[in-house]
Amino acid sequence: MNRNRGYAQAMSEGTRDERRVFADERQARIAEHVATRGRAHITDLATMFGVTEVTIRKDLGALQDRGLLKRTHGGAIARVPLVDRDVERRVAMHRGPKEAIGRACVELLKAGDSVFLGGGSTVRAIAGALAAGPRQDITVLTNSMEVALAVSGTSGIDHVLVGGQIHRTSGSLVGPVALHNVQRFTVDIAFIGASGFSDLGVTVGNVAEAEIMATVVERARRVVLPLHDSKVGATDFAKVCELDHIDVVVINHASEQLADVCAAHGIELVAAQT
């Protein structure tokens, strides 16, 4: 009888865990949908995800509590600033400042360093600066196909592309295979992309990407956040790490407020020469 009760309890807990996972995934997609489109209606979301309107209302309430959207009568609207999920459009936006950030990040490297380059348009600029700069003996670990293509064939740069599932929005490789592979490496410097930098921490738009980045942060000797100033004060859906885990922020424009935040968390602040 005790074994049966124990089995039943374990099955019940497993079911609750599955429901929590499903809710987390659904809320992540809802947050992304609202952030990219600006607004959404409850009826449309219920149809999209195959759940009741009551469930959607609970999801929107949870997301509002986290500051990711604002509930309205009949739906939700995005909080500003909106997060742009289109990588190619982000690459085209603020190209000059991002290239300056990329060059400033490369100046932090020395011969023999191993580095991780994540996804995102600003991190791509680092790869471009590496490929265009003078020859360096650098090893690059990345989960971004664009980064791998940018540095492939460049003299003095060896690269390892982490396998996994393609996240189409960002072009990054994520999932269990990518996570397992990343756990096999330790790097001197990790350059992680982010769509949000605030008192709530460093955030990105996708749970799977956040998981990869969080693992990299744990396994890097130094963590550098290349950041366009449009991301300061923004909060996206999935948290990567607390601000205390960041060693250096490289940004195109450093405000006094940002300088105060970095000083409070022991973060070195580097303003890129634009």
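Note that the structure is a prediction, hence the values are computed from the model and not measured. (Residues numbered from 1 in each chain as written. Predicted model: local features only at pLDDT ≥ 70, side-chain atom pairs only at ≥ 80, totals over all residues. Heavy atoms only, no water.)

A few words now on helix α5 (residues 95-106). An ideal rise of 1.5 Å per residue puts 16 Å on 12 residues; α5 measures up with 17 Å between its terminal C-alpha atoms. Every buried residue of α5 is accounted for by Lys98, Ala100, Ile101, Gly102, Ala104, Cys105 and Val106. (Helix = DSSP H or I, 4+ residues; strand = E, 2+ residues; numbered from the N terminus. Expected span 1.5 Å × (residues − 1). Buried < 20%, exposed > 50% of the residue type's maximum accessible area, 1.4 Å probe, protein only.)

This next bit is on the pairing of strand β12 (residues 220-227). By the criterion of burial, β12 is predominantly enclosed, with six of the eight residues buried. Bridging between strand β9 (residues 187-191) and β12 involves four bridges; their strand directions are parallel. From the neighbouring strand, isoleucine 189 faces β12, where its bridge partner is arginine 222. Bridging between β12 and strand β14 (residues 248-251) involves four bridges; their strand directions are parallel. Considered in β14, the bridge of valine 224 is made with valine 248. (Pairing = 2+ DSSP bridges.)

Right, let's get into the sheet that holds strand β2 (residues 69-72). The three strands lie next to each other as β1-β3-β2, forming an open sheet whose pairing is antiparallel. Both edges of this open sheet fall to β1 (39-41) and β2, since each of them pairs with a single strand only. With direction set aside, neighbouring strand axes in the sheet form an average angle of 20°. In this structure, β1 lies alongside strand β3 (residues 75-78), joined through three bridges in antiparallel fashion. Directly across from histidine 41, in β3, lies its bridge partner glycine 75. Sitting on the sheet, helix α3 (residues 53-65) touches β2 and β3, and the angle it makes with β2 is about 135°. (Axes fitted to C-alpha atoms, helices over the stretch in contact; angles between N-to-C directions. Contact = heavy atoms within 4.5 Å.)

Pairing of β2 with β3 involves four bridges; the strand directions are antiparallel. The residue of β3 that forms the bridge with leucine 69 is alanine 78.

The next point concerns the pattern of salt bridges. Where side chains of opposite charge bring their charged atoms close, a pairing between them can arise. Taken as a whole, this structure holds six salt bridges when the rule is applied. The residue arginine 221 makes a salt bridge to aspartate 188 at a minimum N-O spacing of 2.9 Å. Here arginine 221 is found in strand β12, whereas its partner aspartate 188 is found in strand β9, with 33 residues between them in sequence. The exposed category is assigned to arginine 221, whose relative accessible area is 57%. The closest approach of N and O atoms between glutamate 268 and arginine 222, which form a salt bridge, is 3.3 Å. (Salt bridge = Lys/Arg side-chain N within 4 Å of Asp/Glu carboxyl O.)

Looking now at helix α9 (residues 207-219). The end-to-end C-alpha separation of α9 is 19 Å, in line with the 18 Å expected for 13 residues at 1.5 Å each. Of all the residues in α9, the buried ones are Glu209, Ala210, Ile212, Met213, Thr215, Val216 and Val217. Capping of α9 at its N-terminal end is provided by asparagine 206; its side-chain oxygen lies 2.9 Å from the backbone amide nitrogen of alanine 208. (Polar contact = N/O pair within 3.5 Å; in protein donor to acceptor, adjacent residues only side chain to side chain.)

This brings us to the nonpolar core. Ile192, Phe197, Val202, Leu225, Val240, Ile246 and Val249 are the most contacted members of the largest nonpolar core, which has 50 residues in total. Per-element tally for this core: the top contributor is α9, with five residues. Discounting chain neighbours no more than four positions away, the residues touching leucine 225 are Ile192, Gly193, Ala194, Phe197, Val202, Ile246, Val248, Val249 and Val250. In terms of nonpolar packing, the next biggest core, distinct from the first, is built from 25 residues, Ala100, Cys105, Val106 and Leu117 among them. (Core = buried A, V, L, I, M, F, W, Y, C linked by side-chain atoms within 4.5 Å.)

To continue, consider the confidence of the model for the chain. Confidence in the prediction of the chain, expressed as mean pLDDT, is 86, and 86% of residues score 70 or more. Throughout residues 7-15 the model reports pLDDT below 50, and contacts reaching past four residues in sequence, or to other chains, amount to zero contacts. (pLDDT = per-residue confidence, 0-100.)

With that out of the way, let us pick up empty space enclosed by the protein. All chains considered together, the criterion is met by two cavities of 30 Å³ or more. Its boundaries defined by the atoms lining it, the second largest cavity holds a volume of some 50 Å³. Lining the second largest cavity we find Phe116, Leu141, Val182, Phe185, Thr186, Val187, Val216, Arg219 and Ala220. (1 Å grid on protein atoms, 1.4 Å probe; cavity = no way out; pocket = protein on both sides within 12 Å on 5 of 7 lines; lining within 4 Å. Points joined across faces, edges and corners; volume = space filled by probe spheres on them.)

To continue, consider the sheet that holds strand β5 (residues 138-142). Overall, parallel pairing links the seven strands, which are arranged β6-β5-β4-β9-β12-β14-β15 in an open sheet. Sheet topology places β6 (157-161) and β15 (268-271) at the edges, where each strand pairs with a single neighbour. Averaged over all adjacent pairs, the angle separating strand axes in this sheet is 20°, with direction ignored. Alignment of β5 against β6, held across five bridges, turns out to be parallel. Its bridge partner lying in β6, threonine 139 is registered against aspartate 158.

Before going further, it helps to spend a moment on a nonpolar patch on the surface. A cluster of nonpolar residues, Met145, Leu161 and Ile166, forms a patch on the protein surface that exposes about 250 Å² of accessible area. Looking at the secondary structure, you find isoleucine 166 in strand β7 (residues 165-167). (Patch = residues over 30% accessible without salt bridge, like charges linked within 9 Å, V, L, I, M, F, W, Y side chains within 5 Å. Areas by Shrake-Rupley, 256 points an atom, 1.4 Å probe, with all protein chains shown as cover.)

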